[in-house]
Amino acid sequence: MSIHEQPQTSYDVIIVGSGAGAMTAAVFAADQGLSVLVLEKSQQFGGTSAISGGGIWIPNNHHFTAKGGNDSPEKAWTYLKAAVGERVAERRLRTYLEQAPKMLRELEACSHVRYAVAEKYPDYYPHLPGSLPGGRSLDPEIFDASVLEEEFHNMRPASITTLLMGKVSWTARQAHRAMSRSFGWRLMVLGLLLRYRLDFKWRRKSELDRRTALGGSLVASLRRSLMDRDVPLWLGCDVQDLQVEDGRVVGVKLMRDGQEQLIGARLGVILASGGFEQNQALRDRYLPKPSRREWSATPPGNNTGTALRAAQAQGAATDLMDWCWWTPTISVPGEEKARPLFVERAFPGAIVVNQQGRRFVNEAAPYLEFVDAMYRNNRGKGPEQLSAWVIFDAHFRFHYAMGPLMPAQIMPDSRLPAQWLDNLYYKADTLAQLAARLGMDAGVLQASVERLNGFALDGNDRDFGRGGNVFDRYYGDVNVKPNPCLAPLRKAPFYAMRIDAGDIGTKGGLLTNEHAQVLHENGQPIAGLYAIGNASASVMGTTYPGAGGTLGPAMTFAYIAARHLAAQQVWNPGQGMAAAGLSEGTR
């Protein structure tokens, strides 16, 4: 059925998804004078971005430069190229490095989005040339989401894992100060809790903190910016297919309120709907085995790969389909999604072992490399051997958090839900008893712990180098010497929690060029079709160069796509919704 036969509304640009990349594209497209429609599958906007840290990795950014930071395009290129290698087209990499700082400056100038540089957050691969010990990752500033008015209730709430005590918003800089137990951290935490409690007027309305941070701040500030521009954002719109005429994408077919609708896109469609990690069939087809959507830290229901399959039906090329943005996760009974373990692995006094009781990885390593090590360690073994175990003692339990277990000085065992014991966590008076509970060789586990305890004495992990670089030490306890990531496990009782090979989204997707245009399998752009974020194959290849390596590219290529679309305004209104044919040079 031709889209011309349907008396439906049309827009210059349709954006599928409502995360940070999608709304950034909408802001820039609207500011180019284009009419824009944003479509969200669920009944809440914000996507995975809303539950994320909201950070962006932007080399050579103006905030770092203003503080006297020592970065340059040459250093950034040296580092990124060393990390990514040949897996990604050089033109895409260079475009990202050139356009990312421009995107950030212009977004802050035209919207409510505000960032601050995380001066101490290092690149993830400090051993590579061109890396920096801080300055390329940026953290969203606090944003008062009450300005969203009724839209506040349509925003996906922040993940409990990103909130202080599960309720109070704090920036990544504040969280780092507390987790590393830096000077004054207790007073800072007390101030944040009081700020929340004393907000009496808002507490009468909601238990949710109106002062959003991290991904919530980014999403809320972008949504307010769209409201300022009267850009419509439709919830509950399941985009099922692309409308194509003469080889050009001219709209989408969607289900809304139980009705099928065809919405035209005069200039193009931007797919920003995430990856396919919540589709078990696609996981089984593309990802390493075993792989389960229940291990993912992303919200169930979204990110099912609908846009991916719709584009593949038009001959779209894909890449990196066997990769995720891996992160180890812990599944908490009764919660809809798994919890990621981003930082706790760096705390001193814990060890991670495989099912045999042996260490196999630097516990403090970047999360993508951590899960990759889980899969490599499991080669030749059965699927039931993939999961790992984090083991810690009573001293660790008292002072540090591990997933949903807050430090025992705040949340003693007596306050933990009864159903968590022997389900979420295991506990025993000796390592041998703990090993028996886990079906593990007690002698092997004991030897692994004793060896790590020996390393803690002089601070040198001679097996995996834990705490041996600036990234590892970022979340270490500054009060522990000589290595802030190493401490012995000696004090009973001992605890264990299972770690799964989880993710925060898939890394593979539609292959795009430097303009964010989706490429056909023949190598040519598919006219009128763009993809950004996890809907596209990552510009970072199989690596994760720094904190914000997901959202930084998503927002940058959103900026690029919006500007590229605006430059394509060569169409004939007499043709209705179909854009006029473009030459090869402008496609």
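This structure is a prediction, so every number in the text was calculated from the model and none was measured.

A few words now on the overall build of the protein. Scanning the protein from terminus to terminus reveals 16 helices and 21 strands. What you see for the protein is a C-alpha radius of gyration of 24 Å, in line with the 25 Å of a compact globule of 587 residues. A principal-axis box enclosing the C-alpha atoms of the protein has dimensions of 80 × 60 × 50 Å. Counting the 587 residues in the protein, one finds 61% classified as buried. When contacts within the protein are restricted to residue pairs at least 6 apart in sequence, those whose partners lie at least 24 apart make up 73%.

This part is about the pairing of strand E21 (residues 525-531). Here E21 lies mainly inside the structure; 7 of its 7 residues are buried. Relative to E21, strand E11 (residues 259-271) is paired through 3 bridges, and the arrangement is parallel. Looking across to E21, one finds that Ile270 is bridged to Tyr530. As paired strands, strand E20 (residues 517-519) and E21 are joined by 2 bridges and run antiparallel to one another. By the bridge assignment, Gln517 is partnered in E21 with Tyr530. Counted along the chain from E20 to the antiparallel partner E21, the turn is 5 residues long, and its residue Gly523 has a positive phi close to 95°.

Moving on: the sheet that holds strand E4 (residues 115-117). Strand order in the open sheet made by the 3 strands is E3-E5-E4, with antiparallel pairing throughout. Edge positions in the open sheet fall to strand E3 (56-57) and E4, since each of these has one partner strand only. Bridge analysis of E4 against strand E5 (residues 137-140) gives 3 bridges, and the strand direction is antiparallel. Counted as the bridge partner of Tyr115 is Pro140 from E5.

Across its 16 residues, helix H16 (residues 551-566) extends 22 Å between first and last C-alpha, which sits within 8% of the 22 Å expected from 1.5 Å per residue. Most of H16 is tucked away, with 15 of its 16 residues classed as buried.

Here the focus is the confidence of the model for the protein. Here the protein averages 93 in pLDDT, and 96% of its residues register 70 or above. Considering only residues more than four positions removed or in separate chains, one finds that residues 571-587, a stretch of pLDDT under 50, has 37 contacts.

Moving on, we come to the pairing of strand E16 (residues 388-393). In terms of burial, E16 is a largely internal element, 6 of the 6 residues being buried. Judged by which residues are buried, E16 turns out to be covered on both faces: Ala388, Val390 and Phe392 on one side and Trp389, Ile391 and Asp393 on the other are all buried. As paired elements, strand E15 (residues 350-353) and E16 share 4 bridges and run antiparallel to each other. The residue bridging Ala350 from the neighbouring strand is Phe392, located in E16. Pairing analysis gives 6 bridges linking E16 to strand E18 (residues 494-506), with the strands arranged antiparallel. Bridging across to E18, Val390 finds its partner in Met497.

Glancing now at the packing of helix H3 (residues 73-84) against helix H4 (residues 90-110). Close contact between H3 and H4 brings their axes to 11 Å; oriented N to C, the two are set at 140°. By the angle between their directions, the pair H3 and H4 is classed as oblique. The way H3 lies across H4 gives a crossing that is right-handed. Contact residues: H3 offers Ala76, Trp77, Leu80, Lys81 and Val84, while H4 offers Glu90, Leu93, Arg94, Tyr96 and Leu97.

Counted under the stated rule, the structure contains 24 aromatic pairs. Considering the side-chain rings of Tyr124 and Tyr367, the 5.7 Å spacing of their centres and the 75° angle between planes classify their relative orientation as edge-to-face. Of this pair, Tyr124 sits in the loop between E4 and E5 while Tyr367 sits in helix H11 (residues 367-377), and the two are 243 residues apart along the sequence. With a relative accessible area of 2%, Tyr124 lands in the buried category.

A grouping of Leu187, Leu190, Leu194, Leu198 and Phe200 is seen on the molecular surface, where their side chains present a nonpolar patch of about 540 Å² in accessible area. Examining the composition of the nonpolar patch, we find that 3 residues originate from one element, helix H6 (residues 185-197), more than from any other. In this fold, Phe200 is placed in helix H7 (residues 200-203).

In terms of nonpolar packing, the biggest core is built from 157 residues, with Ile15, Val269 and Leu271 touching the most fellow members. Here this core takes 10 residues from H16, the largest share from any one element. Not counting residues up to four positions away in its chain, the partners in contact with Val269 are Ile14, Val16, Leu242, Val249, Gly251, Val252, Gly528, Leu529 and Tyr530. Counting 20 residues, the second largest nonpolar core, distinct from the first, contains Val353, Ile391, Met440 and Ala496.

Turning our eyes to something else, we now look at helix H8 (residues 214-228). Between its terminal C-alpha atoms H8 stretches 22 Å, which fits the 21 Å expected from 15 residues at 1.5 Å a residue. Burial within H8 is extensive, with 14 of its 15 residues counted as buried. Asp230 sits one or two residues past H8 and shows a positive phi near 60°.

Turning our eyes to something else, we now look at the environment of Lys81. Turning to its location among the elements, Lys81 is positioned in helix H3. Judged by relative accessible area, which is 18%, Lys81 ranks as buried. Note: C-alpha distance between Lys81 and Gly509 (428 residues apart in sequence) is 21 Å. Aside from chain neighbours lying at most four places away, what touches Lys81 is Glu86, Glu90 and Leu93.

Oppositely charged side chains are able to pair whenever their charged atoms sit close together. By the definition in use, this model includes 34 salt bridges. For Arg136, the salt bridge goes to Asp71, with nearest N and O atoms at 2.8 Å. With Arg136 in the loop between E4 and E5 and Asp71 in the loop between helix H2 (62-66) and H3, the pair connects residues that are 65 residues apart, well separated along the chain. Side by side, Arg136 and Asp71 carry an identical accessibility label, which is buried. Where Asp503 meets Arg283, a salt bridge forms, and the shortest distance between an N and an O atom there is 3.0 Å.

A negative phi angle is the norm for most residues apart from glycine, just as the trans form is the norm for most peptide bonds. For the peptide bond that leads from Lys289 to Pro290, omega is 0°, which places it in the cis range. In this structure, the amide linkage connecting Lys481 to the following residue, Pro482, adopts the cis form with an omega of 0°. Take Pro482: it is sitting in the loop between helix H15 (470-473) and E18. The backbone of Asn303 shows a phi angle near 55°, a positive value even though the residue is not glycine.

Next up on the list: the side chain of Ser296. Examined against the element boundaries, Ser296 turns out to sit in the loop between helix H9 (280-286) and helix H10 (306-312). For Ser296, a relative accessible area of 1% corresponds to the buried category. Reaching out from Ser296, the side chain makes a polar contact with the side chain of Thr298 at a distance of 3.0 Å. Discounting residues that sit within four places of it in the chain, Ser296 has contacts with Glu277, Gln278, Arg283, Lys337, Ala338 and Asp503.

Calculation rules
Residues numbered from 1 in each chain as written. Predicted model: local features only at pLDDT ≥ 70, side-chain atom pairs only at ≥ 80, totals over all residues. Heavy atoms only, no water. Helix = DSSP H or I, 4+ residues; strand = E, 2+ residues; numbered from the N terminus. Rg over C-alpha atoms; globule rule 2.2 N^0.38 Å. Buried < 20%, exposed > 50% of the residue type's maximum accessible area, 1.4 Å probe, protein only. Contact = heavy atoms within 4.5 Å. Pairing = 2+ DSSP bridges. Expected span 1.5 Å × (residues − 1). pLDDT = per-residue confidence, 0-100. Axes fitted to C-alpha atoms, helices over the stretch in contact; angles between N-to-C directions. Parallel < 35°, antiparallel > 145°, perpendicular 65-115°, else oblique. Left-handed = near helix turned anticlockwise from the far one by under 90°. Phe/Tyr/Trp six-rings, centres within 6.5 Å; stacked < 30°, edge-to-face > 60°. Patch = residues over 30% accessible without salt bridge, like charges linked within 9 Å, V, L, I, M, F, W, Y side chains within 5 Å. Areas by Shrake-Rupley, 256 points an atom, 1.4 Å probe, with all protein chains shown as cover. Salt bridge = Lys/Arg side-chain N within 4 Å of Asp/Glu carboxyl O. Core = buried A, V, L, I, M, F, W, Y, C linked by side-chain atoms within 4.5 Å. Polar contact = N/O pair within 3.5 Å; in protein donor to acceptor, adjacent residues only side chain to side chain.

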